[in-house]
Amino acid sequence: MAVDSALSSPLGPPACEKDAKALQLIEEMTKNADFVQEKVLAEILTRNAHTEYLRRYELNGATDRATFKSKLPIITYEDLQPEIQRIANGDRSAILSAHPISEFLTSSGTSAGERKLMPTIQEELDRRQLLYSLLMPVMNLYVPGLDKGKGLYFLFVKSETRTPGGLLARPVLTSYYKSDHFKTRPYDPYNVYTSPNEAILCADSFQSMYTQMLCGLLERDQVLRVGAVFASGLLRAIRFLQLNWKQLAQDIEMGCLNSKVTDPLVRECMGKILKSDPELAEFVRGECSKENWEGIITRIWPNTKYLDVIVTGAMAQYIPTLDYYSGGLPMACTMYASSECYFGLNLNPMCKPSEVSYTIMPNMAYFEFLPHEPNSAGFATLDSPPKLVDLVDVQVGKEYELVITTYAGLYRYRVGDILRVTGFHNSAPQFHFVRRKNVLLSIDSDKTDEAELQKAMENASQLLREYNTSVVEYTSYADTKTIPGHYVIYWELLVKDSANSPPSEVLNKCCLAMEESLNSVYRQGRVADNSIGPLEIRVVKNGTFEELMDYAISRGASINQYKVPRCVNFTPIMELLDSRVISTHFSPALPHWTPARRR
């Protein structure tokens, strides 16, 4: 029931008084974006004035933009690594932040093969919670009645470690789910989940997924929205149901939890929830035993109004598969966030995935934008800093790389996201996420760049030496038709002695050698999260890459400037490559991975 018109918002009629306040905050922040940004920067520089980092650049207490921009360099993670390492090793002095670093958030981006460590402070949880609190008031403008049911969300904690100095290091969502902000959140009829906290917080991914799926089935008629963080995670849940529906149905029929779920807190919690329901068990068997799984989400959860998943950037590759399993339900991308900072939200969450734009909330951090010229290096030096643009001064249609200054102590830090300006809400710009800079391959939260792929390729090709064989050319693509998705590498080989060509098991080992060379986020996806399948090498006929070049030139590429693309996703090129495959090989084992960071 919408509240009275006195509380109405330019965004639309709020569903309740609490929503009205949230929508009012969005309006205030976006109308005064430049003023808010100036205030945020002054707050950050004032509170951190005596930190070692700001003293180094002799700000001398200045908090104005001009001094800040003239004195502080634009930096990358590698520039900050010595300071981060000192904090990780136990140095508690005010290096980056006047507030104590409470933990490190491990980024899905990597440096030297390991997850990046992002310092954070306790109050950042409040800032993240604030952004979360704005999501449902916006969604309620578009989808009425979400207080009449529940959300089936597949949410998981990942492994965490401690740095040598004793600070926790874990992904941002693991930090949030384990915080009191999440665990003891007040009841909100618009935000009720089918998954109990005990299931979400269970560290074993099988037991967690099993319990969350079981609870989703038990409350199938109450489910109004189905979601996961990423599209890939929701597809993994569907695949899990395909593999485990018989056991799940048996649990529902008997009212007894699968003995493979051993977590005592989960078992105790499910003891209160799980009751025998032979009719529901029969329904699950009836739907899941059918060969055709098209529309399975709405067949099992018939009241689902939308999917809540990120399908922008690399996740867009999953849209056709999600359409198939959901019968074409709308897909809502609600917010834009990273380990470094939470940025903003989608004010039109029911738009098409290709039209998603995020409105940056100017109170989250201080934002600058580096004009993105794809062919320029764009690196900053103190002598010739590039001209960065302020939040309110970006231009519609242009692309920028995001640069942030945060309360937790990142100053003019290049996040690596490329954004295109699509418009403004009041004076705050709205951005379409274009891509992560330099990322070639991504299946889940993994990000593999060209240099890393090249190194993995070189390491694997060492195994071919004793067969007098070398890799002439290669390219790759992220195959998301399999669940989980996996990396496919196309190799064209030069076999100098056909009587001594490398046998199939050696090429299988090449797959594993490549995986061992990839970063820890990829290897964790393979080993712990089961979010990435075994790497595949497809050997193509000799001359295939010449044909690829001929095709590119026939479409207008310059013969002088042609370079073999290291990643392909254009259908005609894929079809050409696949029609030339002479053998396929898969990684025969899991690569090495442990939660501990390499020293």
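Structure shown above.
Values in this document were obtained by computation on a predicted structure and should not be read as measured data. (Residues numbered from 1 in each chain as written. Predicted model: local features only at pLDDT ≥ 70, side-chain atom pairs only at ≥ 80, totals over all residues. Heavy atoms only, no water.)

J.: Honestly, the nonpolar core in this entry has me stumped. Any pointers?
T.: One recurring pattern in soluble globular proteins: nonpolar side chains tend to sit buried together. Grouped together as the largest cluster of nonpolar side chains are 165 residues, with contacts concentrated most on L241, F367, F369, W491 and M514. In terms of residues, this core owes the most to one element, helix α11 (residues 231–254), which gives 11 residues. With 12 residues, the next largest nonpolar core counts V564, V568, I573 and M574 among its residues. (Core = buried A, V, L, I, M, F, W, Y, C linked by side-chain atoms within 4.5 Å. Buried < 20%, exposed > 50% of the residue type's maximum accessible area, 1.4 Å probe, protein only. Helix = DSSP H or I, 4+ residues; strand = E, 2+ residues; numbered from the N terminus.)

J.: Looking at this structure, how should I read the environment of R236?
T.: Take R236: it is sitting in helix α11. Sequence separation between R236 and S70 is 166 residues, and the spatial gap between their C-alpha atoms is 48 Å.

J.: What is the right way to look at the packing of aromatic side chains in this model?
T.: Aromatic ring pairs are reported here in terms of the distance separating the ring centres and the angle at which the planes meet. Counting across every chain of the model gives 22 aromatic pairs. For the ring pair F369 and Y400, a centre distance of 6.1 Å and an interplane angle of 75 degrees mean the geometry is edge-to-face. Taken together, the residues span a long stretch of sequence, with F369 in strand β12 (residues 366–371) and Y400 in strand β14 (residues 399–405) at a distance of 31 residues. For the residue pair F369 and Y400, the accessibility class agrees, reading buried in each case. Put simply, the rings of Y132, Y153, Y176, Y177, F182, Y193 and Y342 touch in pairs and so form one group of aromatic residues. Positioned above the aromatic ring of Y407, the side-chain terminus of R127 is 3.7 Å from the ring centre. (Phe/Tyr/Trp six-rings, centres within 6.5 Å; stacked < 30°, edge-to-face > 60°. Lys NZ or Arg CZ within 6 Å of the ring centre and 35° of its normal.)

J.: Is there a simple way to explain the pairing of strand β3 (residues 150–154) in this structure?
T.: On any regular strand, side chains alternate: one points to one face of the sheet, the next to the other face. Counting buried residues in β3 gives 5 out of 5 residues, a clear majority hidden from the surface. The sheet contact formed by β3 and strand β6 (residues 223–230) spans 5 bridges and is parallel. Within the sheet, the bridge partner assigned to Y153 lies in β6 and is G227. (Pairing = 2+ DSSP bridges.)

J.: Please clarify how the side chain of Q37 should be interpreted in this entry.
T.: Looking at the secondary structure, you find Q37 in helix α2 (residues 33–47). For Q37, a relative accessible area of 1% gives the class buried. For Q37, the side chain forms a polar contact with the main-chain nitrogen of F367, separated by 2.8 Å. Apart from the residues within four sequence positions on either side, Q37 is in contact with R65, P362, A365, Y366, F367 and L391. (Polar contact = N/O pair within 3.5 Å; in protein donor to acceptor, adjacent residues only side chain to side chain. Contact = heavy atoms within 4.5 Å.)

J.: Help me understand the packing of helix α19 (residues 544–554) against helix α20 (residues 571–579) in this model?
T.: A pair of packed helices is characterised by two quantities: the angle between their axes and the separation of those axes. Running from N to C, α19 and α20 cross one another at 155 degrees; their axes reach a closest spacing of 10 Å. Comparing the axis directions of α19 and α20 gives the class roughly antiparallel. Once α19 is placed against α20, the crossing between them reads as right-handed. In this structure, α19 contributes T544, E547, L548 and Y551 to the contact, and α20 contributes P572, I573, L576 and L577. (Axes fitted to C-alpha atoms, helices over the stretch in contact; angles between N-to-C directions. Parallel < 35°, antiparallel > 145°, perpendicular 65-115°, else oblique. Left-handed = near helix turned anticlockwise from the far one by under 90°.)

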